[in-house]
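# Observations on chain architecture
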Amino acid sequence: MRRRLFFLVTFALLFAGEAAAQSRRAECNGRAVRIHPVPGTHAMPPYPAISQRMGEQGETVLRLRIGTDGSVHEAAVLNSSGSRRLDDAALNFVRTHWRWQGAFGCRTAVTQVTVDWRLTDPRP
């Protein structure tokens, strides 16, 4: 029987599951703002193949600084999943692929996201 592996990316602070398609809270010069993702850019990071084989799982919490152009200007791991490979995969993918609509009224906005790396073996 072929084992199928899945993972779920959830986003901290507001929502789980479908949060990528929704606006989220961020901080902008000490005030709360809403930032909106650019549709299609908030895909799930690919699960590293070696991490799948080794059974690595966990949550990677990232702190992001988003510029007025909507790109991630800075990203850092706040809480590790316990696997550097998973943390690096989340960090690099979010930094290079995720974009937000840039009109939020300040130079940069700061937010947090959580990538929840889970392997499951679904049974019919």
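Remember, predicted model here, so these are calculated numbers, not experimental data.

Next up on the list: the overall build of the protein chain. When helices and strands are counted, the protein chain shows 2 helices and 6 strands. By residue count, 43% of the 124 residues in the protein chain fall in the buried class. Considering only residue pairs separated by 6 or more positions, the protein chain has 71% of its internal contacts joining residues 24 or more positions apart. Total accessible area on the protein chain stands at roughly 7,100 Å², and carbon and sulfur atoms take up 50% of it.

Here the focus is the state of the cysteines. Across all of its chains, the model carries 1 disulfide by this definition. The partner cysteine of cysteine 28 in its disulfide is cysteine 106, sulfur to sulfur 1.5 Å. Of this pair, cysteine 28 sits in strand β1 (residues 24-28) while cysteine 106 sits in the loop between β5 (100-101) and β6 (108-117), and the two are 78 residues apart along the sequence. For cysteine 106, a relative accessible area of 10% puts it in the buried group.

Tracing the sequence through the fold places isoleucine 50 in helix α1 (residues 49-54). Note: C-alpha distance between isoleucine 50 and leucine 86 (36 residues apart in sequence) is 9.9 Å.

Attention now moves to the nonpolar core. Counting residues in hydrophobic clusters, the biggest one holds 24 residues, and the most contacted among them are Ile35, Leu62, Leu64, Trp98, Trp100 and Trp117. Elements that contribute at least two residues to this core include exactly β1, β2 (31-37), β3 (58-67), β4 (72-79), α2 (84-97) and β6. Residues in contact with tryptophan 100, not counting those within four places in the same chain, are Arg24, Ile35, His36, Pro37, Val38, His42, Leu64, Ile66, Asp69, Gly70 and Val72.

Moving on, we come to α2. An ideal rise of 1.5 Å per residue puts 20 Å on 14 residues; α2 measures up with 20 Å between its terminal C-alpha atoms. Residues of α2 that are buried include every one of Leu86, Asp87, Ala89, Ala90, Leu91, Phe93 and Val94, and no others. On its buried face, α2 sits against α1, β3, β4 and β6.

Another aspect to go through is the confidence of the model for the protein chain. When the pLDDT values of the protein chain are averaged, the result is 81; 77% of them are 70 or greater. Contacts from residues 1-21, a stretch scored under 50 in pLDDT, to residues over four places away or in other chains number 56 contacts.

Quick notes on the rules
- Residues numbered from 1 in each chain as written.
- Predicted model: local features only at pLDDT ≥ 70, side-chain atom pairs only at ≥ 80, totals over all residues.
- Heavy atoms only, no water.
- Helix = DSSP H or I, 4+ residues; strand = E, 2+ residues; numbered from the N terminus.
- Buried < 20%, exposed > 50% of the residue type's maximum accessible area, 1.4 Å probe, protein only.
- Contact = heavy atoms within 4.5 Å.
- Areas by Shrake-Rupley, 256 points an atom, 1.4 Å probe, with all protein chains shown as cover.
- Disulfide = S-S within 2.5 Å.
- Core = buried A, V, L, I, M, F, W, Y, C linked by side-chain atoms within 4.5 Å.
- Expected span 1.5 Å × (residues − 1).
- pLDDT = per-residue confidence, 0-100.

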